[in-house]
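As a plain string of letters, each chain reads:
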Amino acid sequence: MNPLANIPPVVKNLLIINVIFYIAMMMFGGQFMTTLLGVHYFDSPDFRIWQVVTYMFMHSYQSLFHIMFNMFALYSFGTTLEYTMGSKRFLNFYLLTGLGALALQMIVQAFEVYGITGSIVNDGSYIIDSAKRTISYPENMDQEQASKLLGIYLSSMVGASGAVFGLLIAFVMLFPNVELMIMFIPVPIKAKYIVPTYILLELFLGVKQIEGDSIAHYAHLGGALFGFILVKLWGLRRNDRFL
């Protein structure tokens with residue numbers, strides 16, 4: 001029996017595309033593919049316009065858990081949501097929340113760059129060499145600021161997590177009382193309690209900015225925010241036939 005037979009078409013194809021991207025990354029080099037297809041800050045020398053879409057299908061080459069978690073969430077929540085919304089609207093929802101995730105992440109990065117340099121783009125006062133991964137900076141900028149600036153300009157964001165957070169928000173808004181099983185918690189908990197807690201945790205971690213934390217928490221929040229807005233704008237309602 002085909003294990004994909006009961007999965008709706010958009011979720012099925014999204015799963016397949018993500019796996020293809022992951023295999024390609026392993027074949028052609030994780031760092032090379034991440035630099036090429038992961039999304040960079042819009043003023044970065046490594047930024048390319050296609051990255052605003054391709055980043056959603058890329059995942060960390062250093063952790064299998066990243067893609068496994070996102071694909072499990074896409075399958076678990078996306079299947080019900082695609083049946084509820086319809087395939088075309090579901091695809092639009094998925095892509096728009098992924099773009100919304102990127103938008104918020106870019107805005108936060110722009111504020112950080114502005115806080116250091118007084119501008120959201122390079123005004124010529126510092127020089128970033130993406131090949132050598134170095135920065136030449138003026139005397140009025142300290143080493144910690146320069147290091148942060150270099151990280152913003154040369155780091156890339158990958159993953160379907162922003163879109164997945166959009167799915168989580170849509171699911172809890174349409175099916176708040178569905179009970180979910182969470183790892184390490186032996187009893188089922190309603191979605192309306194789990195998802196808001198997760199969102200608050202992401203907000204805390206985003207504001208806290210723990211050293212060594214490479215997760216784009218504001219992208220997750222951006223996906224959730226755009227998911228909330230789209231559910232409201234589109235007037236989406238629960239369809240009990242699919243649960």
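Everything below is about the structure printed above this text.
Residues numbered from 1 in each chain as written. Predicted model: local features only at pLDDT ≥ 70, side-chain atom pairs only at ≥ 80, totals over all residues. Heavy atoms only, no water.

(A) Inspection of the overall build of the protein chain at higher detail. A count of helical and extended segments in the protein chain gives 9 helices and 4 strands. In the protein chain, the succession of α and β elements from N to C terminus is α-α-α-α-α-β-β-α-α-β-β-α-α. Its C-alpha atoms give the protein chain a radius of gyration of 19 Å, near enough to 18 Å, the size a compact globule of 243 residues would have. In terms of overall dimensions, the protein chain has C-alpha extents of about 65 × 35 × 35 Å along its principal axes. Here the protein chain, with 243 residues, has 45% of them falling under the buried criterion. For the protein chain, long-range pairs separated by at least 24 residues make up 69% of all intrachain contacts whose partners lie at least 6 apart in sequence. When the accessible surface of the protein chain is totalled, it reaches about 13300 Å², and 65% of it is carbon and sulfur. Positive and negative side-chain charges of the protein chain, numbering 14 and 14 respectively, have mean locations separated by a distance of 18 Å. (Helix = DSSP H or I, 4+ residues; strand = E, 2+ residues; numbered from the N terminus. Rg over C-alpha atoms; globule rule 2.2 N^0.38 Å. Buried < 20%, exposed > 50% of the residue type's maximum accessible area, 1.4 Å probe, protein only. Contact = heavy atoms within 4.5 Å. Areas by Shrake-Rupley, 256 points an atom, 1.4 Å probe, with all protein chains shown as cover. Lys, Arg positive; Asp, Glu negative; His and termini not counted. Charge placed at Lys NZ, Arg CZ, Asp CG, Glu CD.)

(B) View of the side chain of Thr79. Summarising the element assignment, Thr79 is placed in helix α4 (residues 64–85). Exposure remark for Thr79: the relative accessible area of 15% places this residue in the buried category. At 2.7 Å, the side chain of Thr79 and the backbone oxygen of Tyr75 are in polar contact. When sequence neighbours within four positions are dropped, the list of residues in contact with Thr79 reads Ile7, Pro8, Val11 and Leu74. (Polar contact = N/O pair within 3.5 Å; in protein donor to acceptor, adjacent residues only side chain to side chain.)

(C) A look at α4. Taking 1.5 Å of rise per residue, 22 residues should cover 32 Å, and α4 covers 30 Å from first to last C-alpha, within 8% of that figure. The largest bend along α4 measures about 40 degrees and falls at Gly78. With its phi angle positive at about 95 degrees, Gly86 sits one or two positions after the end of α4. (Expected span 1.5 Å × (residues − 1). Bend = angle between axes of the 7 residues up to and from the residue.)

(D) Summary view of the packing of aromatic side chains. Summed over all chains, the structure comprises 10 aromatic pairs. On the numbers, 6.4 Å between centres and 35 degrees between planes, the contact of Phe90 with Tyr94 is tilted. With Phe90 and Tyr94 both in helix α5 (residues 87–117) and 4 residues apart, the pair spans about one turn of that helix. Side by side, Phe90 and Tyr94 carry an identical accessibility label, which is buried. (Phe/Tyr/Trp six-rings, centres within 6.5 Å; stacked < 30°, edge-to-face > 60°.)

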